[in-house]
Amino acid sequence: MSLKPIETCLKIEMPKPHLSEIPFSLLFFFFYFLLSLSLPVISQHLNAEQSILWDVKQKLGNPSSLWSWNSSSSHCDWPGILCTNHSVTHISLDGMNIKEKIPGTICGLTNVVQLSISNNYIPGEFPDILNCSKLELLYLSVNNFVGPIPVSINRLSSLNTLAIGYNDFSGSIPATLWHLKKLEVLSLAGNQFTGAWMGGIGNLSNLEYFDVSSNNKLYHSTITKEFGALNKLKALYMSDANLIGNLPRIFNNLSSLEFLDFF
């Protein structure tokens, strides 16, 4: 005679209640309880984001273009602000007549994927935004920025668009820029960059648009074979960038190329 394990003997199957057998009032209380837990969290998050944007506005000198950034409406309804799931994801302040530096506190908005502040009068060096770790699109073109691109630019590892054209950035283009392997759009045009710069550009295998034109302080350079790795490239602008020599044969391999300007 064989004996069953004691766990089997003691196991009692209890009938599972069907959802329809649970009183409606109990279900209502349960869902209300869950909602009451989540609402304070959402409210605190909204208040924190609004406070950060209010601080940014103050540090930008309260420009008249941002007069409607006030407590009379949700910050998700403010001009230039786009929210997704109750959180700020896009900031577009192009042409807002901003004349002060962008404060680093803007990175307290931890879900921002786009920051666009082109066509203003923003002074100073590259803005203090390297802690905005989720940034995918960064537009800084046509401002009064000066100085070098920070060596630690590769901290913005999610970037697929970097447009910093028509400022007064200077110094060497850092090799770390070529570590941003998700880049699809890169505009460096109209600055004061110096030195050699092509080494490493072949790492940007997703690049579709590249503009380094109007940088006549760069070293005289021939086009390197690394460009042959950019097989997704559709537009290439390199006029007035001190290029010398002939167009290499590797360009025959760039089957996606639609626009090419060297002159």
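Residues numbered from 1 in each chain as written. Predicted model: local features only at pLDDT ≥ 70, side-chain atom pairs only at ≥ 80, totals over all residues. Heavy atoms only, no water.

## Some details on the pairing of strand 7 (residues 168–172)
Thought 1: Note that strand 5 (residues 146–147) and strand 7 share 2 bridges and pair parallel. In the strand pairing of strand 7, Val 146 is matched with Asp 168.
Thought 2: Strand direction decides the pairing type here: strand 7 and strand 9 (residues 192–194), joined by 3 bridges, are parallel. Opposite Ser 172, over in strand 9, you have Thr 194 as the bridge partner. (Pairing = 2+ DSSP bridges. Helix = DSSP H or I, 4+ residues; strand = E, 2+ residues; numbered from the N terminus.)

## Some points on the state of the cysteines
Thought 1: If you walk through the whole model with that rule in mind, you get 2 disulfides.
Thought 2: Residue pairing for Cys 76: its cysteine sulfur links by disulfide to Cys 83, the two sulfurs lying 2.1 Å apart. Given an S-S torsion of about -90°, the disulfide between Cys 76 and Cys 83 has left-handed geometry.
Thought 3: Covalently, Cys 107 is tied to Cys 132 through a disulfide, its sulfur atoms 1.9 Å apart. (Disulfide = S-S within 2.5 Å.)

## Digging into the confidence of the model for the protein chain
Close inspection of predicted coordinates is inappropriate in any region flagged by low pLDDT.
Thought 1: Residues with a pLDDT of 70 or more make up 83% of the protein chain, whose mean pLDDT is 87.
Thought 2: Segment residues 1–14 is flagged for pLDDT under 50; beyond a separation of four residues in sequence, or across chains, it makes 1 contact in the model.
Thought 3: Note on residues 30–43: pLDDT under 50 across the span, and 1 contact to partners over four residues away in sequence or across chains. (pLDDT = per-residue confidence, 0-100. Contact = heavy atoms within 4.5 Å.)

## Here's the deal with the side chain of Ser 187
Thought 1: Within the secondary structure, Ser 187 sits in strand 8 (residues 185–187).
Thought 2: Classification of Ser 187 by relative accessible area gives buried; the value is 11%.
Thought 3: Excluding residues within four positions of it along the chain, Ser 187 makes contact with Leu 162, Ala 163, Ile 164, Gly 165, Tyr 209 and Asp 211. (Buried < 20%, exposed > 50% of the residue type's maximum accessible area, 1.4 Å probe, protein only.)

## What to know about the sheet that holds strand 3 (residues 114–116)
Thought 1: Spatially, 9 strands are ordered 1-2-3-4-6-8-10-11-12 in an open sheet, and the strand pairing comes out mixed. Among the strands making up the open sheet, the edge pair consists of strand 1 (81–84) and strand 12 (259–261). Across the sheet, the mean angle separating the axes of adjacent strands is 15° when strand polarity is ignored.
Thought 2: Bridge count between strand 4 (residues 137–139) and strand 6 (residues 161–163): 3 bridges; the pairing is parallel. Within the sheet, the bridge partner assigned to Leu 138 lies in strand 6 and is Leu 162. (Axes fitted to C-alpha atoms, helices over the stretch in contact; angles between N-to-C directions.)

## Remarks on the sheet that holds strand 5
Thought 1: The parallel open sheet is built from 3 strands, whose spatial order is 5-7-9. Of all the strands in the sheet, the pair left with one neighbour each is strand 5 and strand 9.

## Notes on the pattern of salt bridges
Thought 1: Here the structure, examined in full by the defined rule, presents 2 salt bridges.
Thought 2: Of the charged contacts, one joins Asp 55 and Lys 59 as a salt bridge, the two residues approaching to 3.2 Å between their closest N and O atoms. Of the two residues, Asp 55 and Lys 59 are both situated in helix 2 (residues 24–59); the distance of 4 residues between them amounts to about one turn of the helix.
Thought 3: A relative accessible area of 26% places Asp 55 in the partly exposed class. (Salt bridge = Lys/Arg side-chain N within 4 Å of Asp/Glu carboxyl O.)

## Some remarks on the nonpolar core
Thought 1: Core analysis: the largest hydrophobic core is formed by 64 residues, its most contacted members being Ile 106, Leu 138, Leu 186, Leu 188, Trp 197, Phe 210 and Phe 227.
Thought 2: Elements supplying a minimum of two residues to this core: helix 2, strand 1 and strand 2 (87–92).
Thought 3: Broken down by element, this core gets its largest block of residues, 3 residues, from helix 2.
Thought 4: Excluding anything up to four places from it in sequence, Phe 227 contacts Trp 197, Met 198, Ile 201, Phe 210, Leu 236, Met 238, Ile 250, Phe 251 and Leu 254. (Core = buried A, V, L, I, M, F, W, Y, C linked by side-chain atoms within 4.5 Å.)

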